Amino acid sequence: MERMKRFLKINAADNVAVALADDLHKGDTIDVDGVKVTLQEDIQRGHKVALRDIAEGENVIKYGYPIGHATTAIPQGGWIHSHNLKTNLRDDLEYTYSPKVYDIPVTKTDRKVMGYLRKNDTMGIRNELWIVPSVGCVNGQAQAIAARVKAECDCSHLDDVRVYTHNYGCSQLGDDHANTQKALAALIKHPNAGAVLVLGLGCENNQVSALKEVIGEWDDERVKFLIAQEVEDEIEVGFEICRDLVEKTKQDKRQPLPLSYLRVGLKCGGSDGFSGITANPLAGLFSDWLIAQGGTTVLTEVPEMFGAETILMDRATDRKVFDQTVCLINDFKGYFRKYDQPIYENPSPGNKKGGITTLEEKSLGCVQKGGAQQVVDVLKYAQPIVKQGLNLLQAPGNDLVAASALALSGCQLVLFTTGRGTPFGSFVPTMKISTNTQLSKFKSNWIDFNAGSLVEDEEPQAVLDRFIEKVLATADGEHLKHEQTGFKEIAIFKTGVTL
């Protein structure tokens, strides 16, 4: 990838360049591979300029792939965006398995991660006490219990005492009811929690007894259950249970563990024209590096794979994983059609303002977070990770739902790249990685790492080395910006009717 100060041509096959600064004005001449291009209008940072005349109906090429077709003739130096570029995407496609394996030069390391080894041989990178309501009706009681714990117990050894409130657990049918149970079961068993109190009401659809069946096995010493309708004062009883749990967590100590224990989710949100140039490729390089150390990464946001799915399909480790990836894509398209919604109603207004025009352009940038390693498995929503390497996960593009889904499958932290910025955090550490330096400076209270230096004067390897150290420091216990502010929550995937 050729690096420039004011603009960037990403791939040799591209017929567009991306503005890297706000000083590209009408009448300016830029030199691209020895070709002089005179700008026909001002080009905003992150937006595209035609490097040659593009005929009406001709494909616009970025990242080496078509990102749509010109709806009118575009002159060399012209601005390319929603007014003259339209998606090529269609409904279900026929796919052919054409496996590709890339030579990925990655240095292995003996570096360890300082984590909490749980009884089921998983690793937590935080030691927290969680109260998990089985139904939204007891959210208030759960919060009252947590408030007493923080006020009356010595929790200085814990990273947090947290209630993960939600609105579900009753009046749900079919997949929604099942998804809520699977999500809560996964939350209860997550290794970042040193102890959990599950608080039920007693009359809800999501009965604690039924939830236990979904949970399967759990650590009886660290996971406790309470049904509010079965005791006189659920807040007092819940507090006593939590006080005992706080004491048990004092036994937990960080210890050096192999990087193979580390599972990292890959997510982007508020993307801009820099996402596929800086932060997403950086996350992809980290993914390749971690997998080479025996670790695991998980890529989701299925609607933001549309248009770039063949890149992932070609990297499927075998025919079974290829077929699962095809189903992942087509089933999500079917989900849109089921509710009479357009499949390609994307990008968002913020994406477009940042320079992204079509879904395939967004997707081609999005999938770069998955690096170049083979895809080893495809997971259903809230399904636990079972294979080390790059996994794909069924979940939507919505930031809160997708980040939660990554954690529910077992990721201990999420790498979240963004060009627009966002303050939220999922229930695991959610690292905000800015695509551009301006954002990192303007929203320094949100951003944990700046990838914008990749198009400035810092060598890519130096940025990657710093990034690896930042991720490992986070895994070792360094708190991120959203953890410092306490912005943490869970969002459960909902699709259907509420009674």
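Check the entry above for the structure.
About the thresholds
Residues numbered from 1 in each chain as written. Predicted model: local features only at pLDDT ≥ 70, side-chain atom pairs only at ≥ 80, totals over all residues. Heavy atoms only, no water. Helix = DSSP H or I, 4+ residues; strand = E, 2+ residues; numbered from the N terminus. Rg over C-alpha atoms; globule rule 2.2 N^0.38 Å. Buried < 20%, exposed > 50% of the residue type's maximum accessible area, 1.4 Å probe, protein only. Contact = heavy atoms within 4.5 Å. Expected span 1.5 Å × (residues − 1). Phe/Tyr/Trp six-rings, centres within 6.5 Å; stacked < 30°, edge-to-face > 60°. Lys NZ or Arg CZ within 6 Å of the ring centre and 35° of its normal. Pairing = 2+ DSSP bridges. Polar contact = N/O pair within 3.5 Å; in protein donor to acceptor, adjacent residues only side chain to side chain. Axes fitted to C-alpha atoms, helices over the stretch in contact; angles between N-to-C directions. Parallel < 35°, antiparallel > 145°, perpendicular 65-115°, else oblique. Left-handed = near helix turned anticlockwise from the far one by under 90°. Nonpolar A, V, L, I, M, F, W, Y, C, P; charged D, E, K, R; others polar. Core = buried A, V, L, I, M, F, W, Y, C linked by side-chain atoms within 4.5 Å. Disulfide = S-S within 2.5 Å.

**Looking at the overall build of the protein**
Across its full length, the protein holds 13 helices and 23 strands. What you see for the protein is a C-alpha radius of gyration of 24 Å, in line with the 23 Å of a compact globule of 499 residues. Put simply, the protein has 499 residues, and 57% of those count as buried. For the protein, long-range pairs separated by at least 24 residues make up 72% of all intrachain contacts whose partners lie at least 6 apart in sequence.

**With respect to helix 2 (residues 174-188)**
Side chains that are three or four residues apart share a direction in an α-helix, a result of its 3.6 residues per turn. Over its 15 residues, helix 2 extends 22 Å from the first C-alpha to the last, a length consistent with the 21 Å expected when each residue adds 1.5 Å. With 11 of its 15 residues buried, helix 2 lies for the most part within the structure. Buried within helix 2 we find D176, H177, N179, T180, Q181, A183, L184, A185, A186, L187 and I188.

**A word on the packing of aromatic side chains**
For the coordinates displayed, the defined rule picks out 16 aromatic pairs. Above the ring of F306, the side-chain terminus of K333 is found at 5.4 Å from the ring centroid. Positioned over the ring face of F442 is K443, at 5.8 Å from the centre of the ring.

**Here's the deal with the pairing of strand 3 (residues 29-32)**
Along strand 3, the buried face is formed by I30 and V32; none of T29 and D31, which line the opposite face, is buried. In this structure, strand 3 lies alongside strand 4 (residues 35-38), joined through 4 bridges in antiparallel fashion. Along strand 4, the bridge assignment pairs V32 with V35. Count of turn residues in the strand 3/strand 4 antiparallel hairpin: 2 residues, of which D33 carries a positive phi of about 55°.

**Digging into the side chain of S409**
Looking at the element boundaries, S409 is found in the loop between helix 10 (399-408) and strand 21 (413-418). Under the relative-accessibility criterion, S409 is labelled buried at 2%.

**A closer look at the environment of D28**
As for its position among the elements, D28 is in the loop between strand 2 (16-19) and strand 3. According to the relative accessible area criterion, D28 is partly exposed, its value standing at 23%. For the pair D28 and Y339, spaced 311 residues apart in sequence, the C-alpha separation works out to 48 Å. In terms of polar contacts, D28 uses its side chain to reach the side chain of R6, at 3.4 Å.

**Quick word on the packing of helix 5 (residues 279-292) against helix 12 (residues 460-475)**
For the pair helix 5 and helix 12, interaxial distance at closest approach is 10 Å and the crossing angle is 70°. Our classification of the angle between helix 5 and helix 12 gives roughly perpendicular. Of the two elements, helix 5 crosses helix 12, and the hand of that crossing is right-handed. Within the contact between the two elements, helix 5 uses L282, A283, L285, F286 and W289 and helix 12 uses V463, L464, F467, I468, V471 and L472. Broken down by class, the residue content of the contact of helix 5 with helix 12 amounts to 11 nonpolar, no polar and no charged.

**Concerning the sheet that holds strand 9 (residues 85-86)**
In space, the 3 strands of this open sheet follow the order 6-7-9, with antiparallel pairing throughout. Strands at the two margins of the open sheet, each flanked by one partner only, are strand 6 (59-62) and strand 9. Inspection of the sheet shows strand 6 paired to strand 7 (residues 65-70) by 3 bridges, in the antiparallel sense. Note that in strand 7 the partner of N59 across the bridge is H69. Each of strand 6 and strand 7 touches helix 9 (residues 359-366); the most contacted strand, strand 7, lies at about 165° to it.

**Side note on the nonpolar core**
L262, F306 and L415 are the most contacted members of the largest nonpolar core, which has 110 residues in total. When sequence neighbours within four positions are dropped, the list of residues in contact with L415 reads V264, G265, L266, K267, F286, M431, I433, F467 and V471.

**A look at the state of the cysteines**
Enumeration according to the criterion identifies 0 disulfides in this entry. Residue C153 stays outside any disulfide, its sulfur separated by 5.3 Å from that of C155, the closest cysteine.

**Structural notes on the packing of helix 2 against helix 3 (residues 208-215)**
For the pair helix 2 and helix 3, interaxial distance at closest approach is 9 Å and the crossing angle is 70°. Looking at the two axes, helix 2 sits roughly perpendicular to helix 3. As for how helix 2 packs across helix 3, the hand of that crossing is right-handed. For the pair helix 2 and helix 3, the contacting residues are Q181, K182, L184, A185 and I188 in the first and A210, L211, V214 and I215 in the second.

**Quick notes on unusual backbone geometry**
The residue E301 is not glycine, and still its phi comes out positive at about 65°. If you trace the backbone, E301 turns up in the loop between strand 18 (296-299) and helix 6 (309-313). Here D340, not a glycine, exhibits a phi torsion of approximately 55°, which is positive. By the element assignment, D340 lies in the loop between helix 7 (319-338) and helix 8 (349-353). By relative accessible area, which is 70% here, D340 ends up exposed.

**Focus on the sheet that holds strand 15 (residues 223-227)**
Pairing between the strands of a sheet comes from backbone hydrogen bonds, and it takes one of two forms, parallel or antiparallel. Ordered by their spatial adjacency, 4 strands build an open sheet running 13-12-14-15, and the pairing between neighbours is parallel. Of all strands in the sheet, those with a lone pairing partner are strand 13 (160-163) and strand 15, marking the two edges. Taken pair by pair, the neighbouring strands of this sheet meet at an average axis angle of 15°, ignoring direction. As defined by bridge partners, strand 14 (residues 193-200) adjoins strand 15 across 5 bridges and the pair is classed as parallel. Bridge pairing links L197 to K224 in strand 15. In the packing of helix 3 onto the sheet, contacts are made with strand 14 and strand 15, and the angle to strand 15 comes to roughly 160°. Helix 4 (residues 234-249) rests against strand 12 (128-133), strand 14 and strand 15 of the sheet, and its axis sits at about 165° to strand 14.

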